[in-house]
Amino acid sequence: MDPMTQSAQISSSQGFADGQNSAAKESKLSVSDLVHWRDPKKSGVVFGLSMLLLLSLAAFSIISVVSYLLLALLCVTITFRIYKSVVQAVQKSTEGHPFKSLIDKDVSIPPETFRKHVDASLTYINRGLKQMSRLFLVEDLVDSLKLAVVMWLLTYVGAVFNGITILILADILLFAVPPVYEKNKTQIDQYIDLARTQVNTTIAKLQEKLPGAVKRSKTE
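Since this is a predicted model, take the numbers as computed values, not measurements.

Trainee: Would you take a moment to explain the packing of helix 2 (residues 40–59) against helix 3 (residues 62–91) for this structure?
Mentor: Packing of helix 2 against helix 3 brings their axes to within 8 Å, and their N-to-C directions diverge by 130 degrees. Judged by the inter-axis angle, helix 2 sits oblique to helix 3. The element helix 2 and its partner helix 3 pack so that their crossing is right-handed. Within the contact between the two elements, helix 2 uses L53, S56 and L57 and helix 3 uses I62, V65 and L69. Class assignment of the residues belonging to the contact of helix 2 with helix 3 gives a composition of five nonpolar, one polar and no charged.

This is how it looks when you write it as structure tokens:
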């Protein structure tokens, strides 16, 4: 092969790889950009739609919400289909089906992609099962006690809020906390470090006093 042709192919493949990496980086940063309000219009639209969906689920059942959404989508597509058919009949054009490009598009999931996601999910599931076994079988007494305290606190949270209310609050915090943290990062980090130090000190004292507590240094 000609050296110039080979170098051109290498440079083009490198350019394609760089383009893929940059696209992947942009897709990874898109969620961060939304919650940090880099583009106020896009963040506002996403926040408004998510809040509308959650408020709809709070007022109606999930079956009703899904049915109304699908019905609205069908009304839009059917109306557009009829409108284009009338326009084509009046103008005597042969444009064909208005959604032909979308109909011909392959929307099937490749087996490799499906297996990849299943394997990744299986890894997290096995890790979660192992962690649950460790906590409920009291491998480390302190960790099991911390889980018991969290579950006890959640009983009070569940008595005050239902699942949809918690999701609504989480959605508000998701879009409200990152900008506030970004503006006051230094002060917030100081308080977080102070709280972390206090918690670690308390846990260390409990590990020394509780009988049968398994210390991480021994297990590791």
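Let's pick the thread back up.
Trainee: What exactly am I supposed to notice about the UniProt feature "transmembrane region" (unreviewed entry) in the chain here?
Mentor: The sites that UniProt annotates as "transmembrane region" (unreviewed entry) are residues 45–76 and 160–181. Helix makes up 94% of residues 45–76 and strand 0%, and the two end C-alpha atoms of the span are 20 Å apart. For residues 160–181, helix accounts for 91% and strand for 0%, while the C-alpha atoms at its two ends are 27 Å apart.

Trainee: For this particular structure, what's the right way to read the environment of T77?
Mentor: Tracing the backbone shows T77 in helix 3. We classify T77 as partly exposed; its relative accessible area is 27%. Along the sequence, T77 and F99 sit 22 residues apart, while their C-alpha atoms lie 9.0 Å from each other.

Reading guide: rules and limits
- Within each chain, residues carry numbers counting from 1 in the order of the written sequence.
- For a predicted model such as this one, the threshold for reporting local features is a pLDDT of at least 70, and the threshold for listing and counting side-chain atom pairs is 80 or more; totals across whole chains, interfaces and linings nevertheless cover every residue.
- With hydrogens and water stripped out, all remaining heavy atoms of the structure feed into the side-chain values.
- Lines fitted to the C-alpha atoms define the axes, with helices restricted to the stretch that makes contact. Angles between their N-to-C directions range from 0 to 180 degrees.
- A run of H or I in DSSP counts as a helix once it spans at least four residues, and a run of E counts as a strand once it spans at least two, with each numbered from the N terminus.
- Roughly parallel covers angles under 35 degrees, roughly antiparallel covers those over 145, roughly perpendicular covers 65 to 115, and oblique covers all other angles.
- Left-handed describes a crossing whose near helix is turned anticlockwise from the far helix by less than a right angle; the clockwise case is right-handed.
- Any two residues having at least one pair of non-hydrogen atoms within 4.5 Å are treated as being in contact.
- Following the grouping adopted for this structure description, the nonpolar residues are Ala, Val, Leu, Ile, Met, Phe, Trp, Tyr, Cys and Pro, the charged ones are Asp, Glu, Lys and Arg, and the polar ones are all others, Gly among them.
- UniProt positions are given in the numbering used here, feature names are shortened, and annotations may be inferred rather than shown by experiment.
- Here the term buried applies to any residue with accessible area under 20% of the maximum for its type, exposed to any over 50%, and partly exposed to those in between, with areas from a 1.4 Å probe on protein chains only.

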